Amino acid sequence: MTLRYLTAGESHGPALVAIAEGFPAGLAVDFEAVDRDLRRRQKGYGRGGRMKIETDAAQFLAGLRGGVTTGAPIALAVWNKDHENWKDLVSPYARGGRKFTQVRPGHADLAGALKYGLDDARDVLERASARSTAVIVALGALAKALLSSLGVEVCSRVVAIGPRDIRPDAPPTAEQRAAIEASDLHVDDEALAAEWRALIDAEKARGGSIGGAFDVYATGLPIGVGSHVHPDRRLDARLAGALCGVQAIRAVEIGDGTQVGRPGYEFHDAIHHDPARGFWRETNRAGGLEGGMTDGMPLRVRAYMKPIPTMLHPLATVDLATRQATQARYERSDVCAVPAAAVVGEAVVAWELANALLEKFGGDAVEDVRRAVEAYAARIR
Ligand code: EPS
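Residues numbered from 1 in each chain as written. Predicted model: local features only at pLDDT ≥ 70, side-chain atom pairs only at ≥ 80, totals over all residues. Heavy atoms only, no water.

Chemist: Give me the lowdown on the overall build of the protein, citing residues and values where you can.
Modeler: Within the protein, the secondary structure is distributed over 11 helices and 19 strands. The C-alpha atoms of the protein give a radius of gyration of 22 Å, which matches the 21 Å a tight globule of 381 residues would have. Principal-axis analysis of the C-alpha atoms places the extent of the protein at approximately 70 × 50 × 40 Å. Looking at the protein as a whole, 49% of its 381 residues are labelled buried. Within the protein, contacts between residues separated by at least 24 positions form 71% of all contacts whose residues are at least 6 apart in sequence. Counting only carbon and sulfur atoms, one obtains 56% of the accessible surface of the protein, whose full area is about 17600 Å². (Helix = DSSP H or I, 4+ residues; strand = E, 2+ residues; numbered from the N terminus. Rg over C-alpha atoms; globule rule 2.2 N^0.38 Å. Buried < 20%, exposed > 50% of the residue type's maximum accessible area, 1.4 Å probe, protein only. Contact = heavy atoms within 4.5 Å. Areas by Shrake-Rupley, 256 points an atom, 1.4 Å probe, with all protein chains shown as cover.)

See below:
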């Protein structure tokens with residue numbers, strides 16, 4: 001792997017931290033753009049009380065000078081404001097509070113506690129929490145900066161809340177993107193957003209939660225990023241793995257990958273060529289990926305998020321301490337976090353794309369990478 005990272009941090013601990021290694025030198029990082037993505041992740045209709053407490057921002061600690069990467073490992077932290085309210089409960093130095101034993105179906109509580117020999121599922125849920133996606137978004141913003149310097153842009157749109165979904169086949173236009181960013185449901189269709197808000201309100205009223213789906217798009221990718229030669233080098237496999245690594249994501253679709261009822265001639269995309277555009281397609285059912293490689297069309301991948309398992313109206317469970325039947329414990333949570341997950345989806349997709357581009361065009365300085373991309377683009381015309 002060319003790019004790699006490690007993260008650490010608990011949901012109510014002091015901070016979330018990350019170290020990223022492998023970024024070429026000479027990449028200008030717009031700190032405001034990083035924090036803008038962190039703020040985007042905090043938004044969305046259906047979020048719970050925690051987001052009123054936090055104002056996420058990344059504090060860079062190493063790997064840049066004057067806003068430009070040096071090639072050294074990058075270290076950053078996102079501080080948890082809420083830690084002040086939890087410092088006697090969740091901290092490397094303190095362990096307080098009532099034990100969390102009424103394990104929630106759908107969460108990591110039960111398997112995590114049994115597997116690690118813990119009598120308090122808090123030790124599990126603090127790390128399993130989607131709070132950790134804040135630092136993933138900061139890492140994704142670095143990957144986006146690199147992609148952007150190579151002409152690749154990543155964005156997303158929510159395509160389902162509850163049962164009704166939409167299937168737009170093209171990345172949003174600039175105008176649609178502005179509407180998506182202005183929407184509290186991260187979609188460019190206000191009538192649909194109103195429907196979805198009503199669904200979220202109804203679930204909130206009955207103590208439930210609701211899932212959905214989002215598309216992530218990337219434009220500007222040259223043909224041939226990724227590889228067909230080995231399973232772990234296939235870009236579709238890596239993207240699916242990265243998206244399934246995000247909390248609550250249960251399924252990933254590449255392009256129109258689930259539409260397998262269509263005959264082959266309505267499933268694939270005929271190939272054309274002209275001197276001005278090079279190779280191109282009229283349709284993009286493949287979502288920009290064929291044979292584990294980019295095909296030159298915009299990337300389009302869809303991720304499905306389950307309803308959050310923490311619910312005011314709890315499911316039946318078994319108490320970890322007594323092995324007696326009980327009800328799942330409720331903790332403050334979100335009713336719907338699909339718009340936030342879309343921003344996390346952008347981050348993990350950007351990371352995988354940056355990594356795959358560096359594998360093909362990698363160099364120690366951004367300028368080397370840029371030159372390699374340009375030379376290749378000229379060769380494959
Ligand atoms: C989460 C539970 C909630 C969410 C949290 C994810 O946190 P809390 O228990 O503090 O109310 O708000 O998401 C975030 C904190 C975040 O930043 O996205 C969980 O259990 O996964």
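Chemist: I'd like a description of the packing of aromatic side chains, backed by residues and values.
Modeler: According to the stated counting rule, one finds four aromatic pairs in the structure shown. Ring geometry for Phe31 and Phe60: centres 5.2 Å apart, planes at 45°, overall tilted. Within this pair, whereas Phe31 is found in helix 1 (residues 31-42), its partner Phe60 is found in strand 3 (residues 58-62), the two being separated by 29 residues in sequence. Judged by its relative accessible area of 38%, Phe31 is partly exposed. Given the relative accessible area of 19%, Phe60 is considered buried. (Phe/Tyr/Trp six-rings, centres within 6.5 Å; stacked < 30°, edge-to-face > 60°.)

Chemist: Describe the site of the ligand, and please don't skip the residues or the numbers.
Modeler: The immediate surroundings of the ligand are formed by His12, Arg41, Arg47, Arg50, Met51, His107, Ser129, Ala130, Arg131, Arg332 and Asp334. Separating an oxygen atom of the ligand from a side-chain N or O atom of His12 is a distance of 2.7 Å. Coverage of the ligand by the protein chains reaches 92% of its 460 Å² of free accessible surface. The residue inventory of the shell around the ligand, partitioned by class, reads two nonpolar, three polar and six charged. (Near = heavy atom within 4 Å. Polar contact = N/O pair within 3.5 Å; in protein donor to acceptor, adjacent residues only side chain to side chain. Nonpolar A, V, L, I, M, F, W, Y, C, P; charged D, E, K, R; others polar.)

Chemist: Lay out unusual backbone geometry with the relevant residues and their values.
Modeler: A positive phi angle, near 75°, is found at Ala248, a position not held by glycine. Checked against the element boundaries, Ala248 lands in the loop between helix 9 (235-244) and strand 12 (249-254). Phi at Arg323 is positive, roughly 60°, even though this residue is not glycine. When you line up the elements, Arg323 lands in the loop between strand 18 (316-318) and strand 19 (325-327).

Chemist: So what about the pairing of strand 2 (residues 15-21)? Which residues, and what values?
Modeler: Strand direction decides the pairing type here: strand 1 (residues 4-8) and strand 2, joined by five bridges, are antiparallel. For Ala8, the partnering residue across the bridge sits in strand 2 and is Val17. Of the strand pairs in this sheet, strand 2 and strand 6 (residues 74-79) are connected by six bridges, and their pairing is antiparallel. If you follow Ala20 over to strand 6, its bridge partner there is Ile74. (Pairing = 2+ DSSP bridges.)

Chemist: Lay out the nonpolar core with the relevant residues and their values.
Modeler: One broad trend across soluble globular proteins is that nonpolar side chains are buried collectively. Core analysis: the largest hydrophobic core is formed by 79 residues, its most contacted members being Phe23, Ile161, Phe214, Leu299 and Leu353. Counting residues per element, this core draws most heavily on helix 10 (residues 338-361), which supplies 16 residues. Apart from residues no more than four positions distant in its own chain, Leu353 is found in contact with Leu147, Val154, Ala218, Leu221, Leu235 and Leu299. (Core = buried A, V, L, I, M, F, W, Y, C linked by side-chain atoms within 4.5 Å.)

Chemist: Provide a residue-level description of helix 1, including the pertinent values.
Modeler: For helix 1, built from 12 residues, the straight-helix expectation of 16 Å at 1.5 Å per residue is met to within 8% by its first-to-last C-alpha distance of 17 Å. Those residues of helix 1 not exposed but buried are Val34, Asp35, Asp37, Leu38, Arg40, Arg41 and Gln42. Close packing links the buried residues of helix 1 with helix 2 (50-53), strand 3, strand 6, helix 6 (133-149), helix 7 (174-182) and helix 10. N-capping of helix 1 is provided by Asp30, with a side-chain oxygen placed 3.0 Å from the backbone N of Glu32. Trailing helix 1 by a residue or two, Gly44 shows a phi angle of about 120°, which is positive. (Expected span 1.5 Å × (residues − 1).)

Chemist: Please provide a residue-by-residue account of the sheet that holds strand 3, values included.
Modeler: Across a sheet, strands are paired by hydrogen bonds formed along the backbone, either parallel or antiparallel in direction. The strand order 1-2-6-3 describes an open sheet built from four strands, whose pairing is antiparallel. Two strands lie at the open edges of the sheet, namely strand 1 and strand 3, each paired on one side alone. Geometrically, the sheet is characterised by an average inter-axis angle of 20° between neighbouring strands, direction not taken into account. Here helix 6 sits on the sheet and contacts strand 1, strand 2, strand 3 and strand 6; the angle it forms with strand 6, its principal contact strand, is near 140°. (Axes fitted to C-alpha atoms, helices over the stretch in contact; angles between N-to-C directions.)

Any functional reading would require information that these geometric values do not contain.
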